[in-house]
Amino acid sequence: MAIGFFKNYRVYMLTTVAYMGSLLFGYDTGVMSSVLSLKSFKTDFGLPLATTGFASKTNAHISQNVVSLLTAGVMESSRYKDWGRRHEGPIWIMTETKEKKKRKQPNPPADFLGLPATWPEALTAGCFFGAIFASVANDKLGSKRSLLGFTVVFLVGAVIQVASLHHISQVYVGRFVAGLGIGGMSSITPIYVAENCPPEVRGRITGLFQEFLVIGSTFAYWLNYGVSLHLKPSTSQWRIPVGIQIVPGGLLFLGLIFLKESPRWLVKQGRYEEATASLAYMRREPIDDPEVMKEIADIRAAVEEELNLTEGVTWKEVLIPGNRYRFAVAFTIFLCQQFSGTNSIGYYAPQIFQTIGVSKTNASLFATGVYGTVKVCATGLFLIIGIDKLGRRWSLLGGAAWMMVMMFIIGGVLKDHPPTNVNTVSPASIAMVVMIYLYVIGYSASWGPIPWVYVSEIFPTRLRSYGVGLAAATQWLFNFAVTYMTPSAINHIGWRIFLMFGIFCAANFVFVWFFIKETKGRTLEDMEILFGTVEAEVRAADVERMLHKGAMQEDRFEMAAPAEKKVAPAQETPIRDVPATEEKTVS
């Protein structure tokens, strides 16, 4: 028998295909943060060309327009193309120094609506609604068909963006449509992968969601750095990074065609034979393997318990104390993740690095690329050696404490040593960049991958799509809130924003200490016991009953076989309840 990776290679193949959706999630995060800093993009859409991050109110306003303002101002931005060009230059408003009084940029006309950062916000708004729609789609249609549908939606949005002819409104429509696809995929893929994983490696494999996400964002960072360095400012300089996302989207669609449906969803639909065949295929075992039969019995027992407990009324299940607790945890853990500060850096990395003193566009893009590379390496290392050894709870506690310290240090250094010269990078700025890299190491080994793993494993089968849908929608809702507030916060409170995120990280530590239960090494069906909705003795009796029911069914077919032979001696009747075509599928 194959062991280790080779034993689970079909699970890894499924994960690689499904998490192309996560890669697209990360790529869109990275590509928007870097494209917004390209002069070619600003020029094409008539936006101010200042290069110091969010140092002015104008740039902050540009980076925080909400989706509701798009129809009001999107067609008017070209009127102020020349205004943006006339008033470019460095501005230092975020630090309380004399420089603030000496160098000010005139305010834009009253109806000027700088628009580039509505690009990320249009995406996150689409993602929020996509995550909500995904809950229903996944429950009714299953993971495979739902992912196929959301992939098509994403590809349509990507094509709209690439085909944009210098009309910002078209870009926003494309971002919103693509966001619907990404939001749906972010809600479904962790469920799909978790429901196919064996429990001993579920944390590592499900956590690859975060690894694919950071690979996507890092690829986008370096691609943007490359085009800014080697391509002259032109339309193609920003179209190439935006258009490349169509490639992984197409690979995702093609790969999904060859994958199997989740065995747990099939059991929930009463398609037990298909579920057994699907599970045996993923485990690389015959259908009648004792471990496969035991796992199917576990799944059937859990689903029947859920039905008996609530008489088949799904929403009644949410009100059960153990389930209500899990929904509250799913909501809160993603609220905590978003207010740890990660997306403020992730979406606006080049501008953040400009803010702390790395002011030249190419230098800030290079620093952003290194930031992404650190995330990839730290996340991968943690998933290999940490998540299934340290567990979920202790990793979250350690990560919250580490991130808190880094944020306090960055805030303190920025307060005492604000950047004042755009032509040089001071030792204090270098120290702050290093602290950001250390911060993201702590995030990548805790609050990056673990919330996605945790929410995909704690819910019962019948509520899993709704629970993870709530979590994903929460993630996108507060993602939207944080990306909206970041530019204005840096502009108005300066170094104190890092102090604020440090305080949030301390609050995250308290939340985990009191409310997060350890799930390491448990099967998905064991979660009912952990959260108190089922007693361990009751579950054991139900599993035995399911196994006995399966054995009784086998015996009935064996007893019926001789009688059928008397009627048709030449015909050989199979003694198993599995069609020959399914046997071929499993092998």
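Residues numbered from 1 in each chain as written. Predicted model: local features only at pLDDT ≥ 70, side-chain atom pairs only at ≥ 80, totals over all residues. Heavy atoms only, no water.

Visitor: Sorry, what's going on with the overall build of the chain here?
Guide: When its secondary structure is counted, the chain shows 32 helices and zero strands. Residue burial in the chain is summarised as follows: out of 587 residues, 59% are buried. Of the roughly 23,100 Å² that the chain leaves accessible, carbon and sulfur atoms contribute 67%. (Helix = DSSP H or I, 4+ residues; strand = E, 2+ residues; numbered from the N terminus. Buried < 20%, exposed > 50% of the residue type's maximum accessible area, 1.4 Å probe, protein only. Areas by Shrake-Rupley, 256 points an atom, 1.4 Å probe, with all protein chains shown as cover.)

Visitor: Looking at this structure, I do not really get helix α2 (residues 9-18). What am I missing?
Guide: Structural remark: α-helix, 3.6 residues per turn; residues separated by three or four positions point the same way. Burial runs high along α2: seven of the ten residues are buried. Within α2, burial applies to Arg10, Val11, Tyr12, Leu14, Thr15, Val17 and Ala18.

Visitor: Would you mind going over the packing of aromatic side chains with me for this structure?
Guide: The way to describe two aromatic rings as a pair is by their centre distance and the angle between their planes. Tallied over the full model, the rule gives 18 aromatic pairs. Look at phenylalanine 25 and tryptophan 452: their rings are 6.5 Å apart centre to centre, the planes differ by 80°, and that puts the pair in the edge-to-face class. Here phenylalanine 25, found in helix α3 (residues 20-35), pairs with tryptophan 452, found in helix α27 (residues 450-458); they are 427 residues apart in sequence, far enough to count as distant. Across the pair, exposure class does not vary: phenylalanine 25 and tryptophan 452 are buried alike. Within the aromatic cluster, the residues linked to one another by ring pairs are Tyr19, Phe25, Phe209, Phe212, Phe334, Trp452 and Trp476. (Phe/Tyr/Trp six-rings, centres within 6.5 Å; stacked < 30°, edge-to-face > 60°.)

Visitor: Can you walk me through the environment of glycine 469 in this structure?
Guide: For glycine 469, the location among the structural elements is in helix α28 (residues 464-493). It is 9.5 Å that separates the C-alpha atoms of glycine 469 and phenylalanine 128, two residues lying 341 residues apart in sequence. For glycine 469, the contacting residues outside a window of four places in its chain are Ala131, Ser135 and Ser187. (Contact = heavy atoms within 4.5 Å.)

Visitor: Explanation requested: the pattern of salt bridges in the structure shown.
Guide: Any two side chains of opposite charge can pair, given that their charged atoms come close. By the definition in use, this model includes twelve salt bridges. Measuring nitrogen to oxygen at the nearest pair gives 3.5 Å for the salt bridge that ties glutamate 295 to arginine 264. With glutamate 295 in helix α18 (residues 290-310) and arginine 264 in helix α16 (residues 263-268), the pair connects residues that are 31 residues apart, well separated along the chain. Arginine 264 matches glutamate 295 in its accessibility class, with the two residues each being buried. The salt bridge partner of arginine 283 is glutamate 295, with a shortest N-O separation of 3.0 Å. With a gap of twelve residues between them, arginine 283 in helix α17 (residues 272-283) and glutamate 295 in helix α18 connect regions that are remote in the sequence. Like glutamate 295, arginine 283 is buried. Salt bridges linked by common partners bring Arg202, Asp388, Arg392 and Glu457 together as one network. (Salt bridge = Lys/Arg side-chain N within 4 Å of Asp/Glu carboxyl O.)

Visitor: It is not clear to me how helix α11 (residues 168-194) should be interpreted in this structure. Could you clarify?
Guide: The end-to-end C-alpha separation of α11 is 39 Å, in line with the 39 Å expected for 27 residues at 1.5 Å each. Of all the bends found along α11, the most pronounced is centred on isoleucine 188 and spans about 25°, while proline 190, a proline, follows it within four residues. Of all 27 residues that make up α11, 23 are buried, and the element is covered over most of its length. (Expected span 1.5 Å × (residues − 1). Bend = angle between axes of the 7 residues up to and from the residue.)

Visitor: What is the right way to read the packing of helix α25 (residues 392-416) against helix α26 (residues 427-444) from this model?
Guide: Packed helices, taken two at a time, are described by their axes: the angle between them and the distance between them. The N-to-C vectors of α25 and α26 enclose an angle of 165°; their axes lie 9 Å apart at closest approach. In terms of orientation, α25 lies roughly antiparallel with respect to α26. The element α25 and its partner α26 pack so that their crossing is left-handed. Contact with α25, carried on its side by Gly399, Trp402, Met403, Met406, Met407, Ile409, Ile410, Val413 and Leu414, involves Ala428, Met432, Met435, Ile436, Leu438, Tyr439, Gly442 and Tyr443 of α26 and no other residues of that element. Each residue belonging to the contact of α25 with α26 can be placed in one class, and the counts come to 15 nonpolar, two polar and no charged. (Axes fitted to C-alpha atoms, helices over the stretch in contact; angles between N-to-C directions. Parallel < 35°, antiparallel > 145°, perpendicular 65-115°, else oblique. Left-handed = near helix turned anticlockwise from the far one by under 90°. Nonpolar A, V, L, I, M, F, W, Y, C, P; charged D, E, K, R; others polar.)

Visitor: Explanation requested: unusual backbone geometry in the structure shown.
Guide: With glycine set apart, most residues show a phi of negative sign, and most peptide bonds adopt trans. In this structure, arginine 284 is a non-glycine residue whose phi angle is positive, near 60°. Relative to the helices and strands, arginine 284 resides in the loop between α17 and α18.

Visitor: Explain the side chain of serine 456 to me, please; I cannot follow it from the model alone.
Guide: As for its position among the elements, serine 456 is in helix α27. A distance of 3.1 Å separates the side chain of serine 456 from the backbone oxygen of tryptophan 452, its partner in a polar contact. Apart from residues lying up to four places away in sequence, serine 456 is in contact with Pro190, Ile191, Ala194, Thr206, Arg464, Val468 and Leu524. (Polar contact = N/O pair within 3.5 Å; in protein donor to acceptor, adjacent residues only side chain to side chain.)

Visitor: Which parts of the structure should I look at to understand a nonpolar patch on the surface?
Guide: On the surface, a nonpolar cluster with roughly 660 Å² of combined accessible area is contributed by Trp394, Phe509, Val510, Trp513, Phe514 and Phe515. Per element, the largest residue contribution to the nonpolar patch is five residues, and it comes from helix α29 (residues 496-515). Relative to the helices and strands, phenylalanine 514 is located in helix α29. Given the relative accessible area of 58%, phenylalanine 514 is considered exposed. (Patch = residues over 30% accessible without salt bridge, like charges linked within 9 Å, V, L, I, M, F, W, Y side chains within 5 Å.)

Visitor: What is the right way to read the environment of valine 413 from this model?
Guide: Take valine 413: it is sitting in helix α25. For the pair valine 413 and tryptophan 495, spaced 82 residues apart in sequence, the C-alpha to C-alpha distance is 8.6 Å. With near-sequence residues (within four places) excluded, valine 413 lies in contact with Pro418, Ala428 and Met432.

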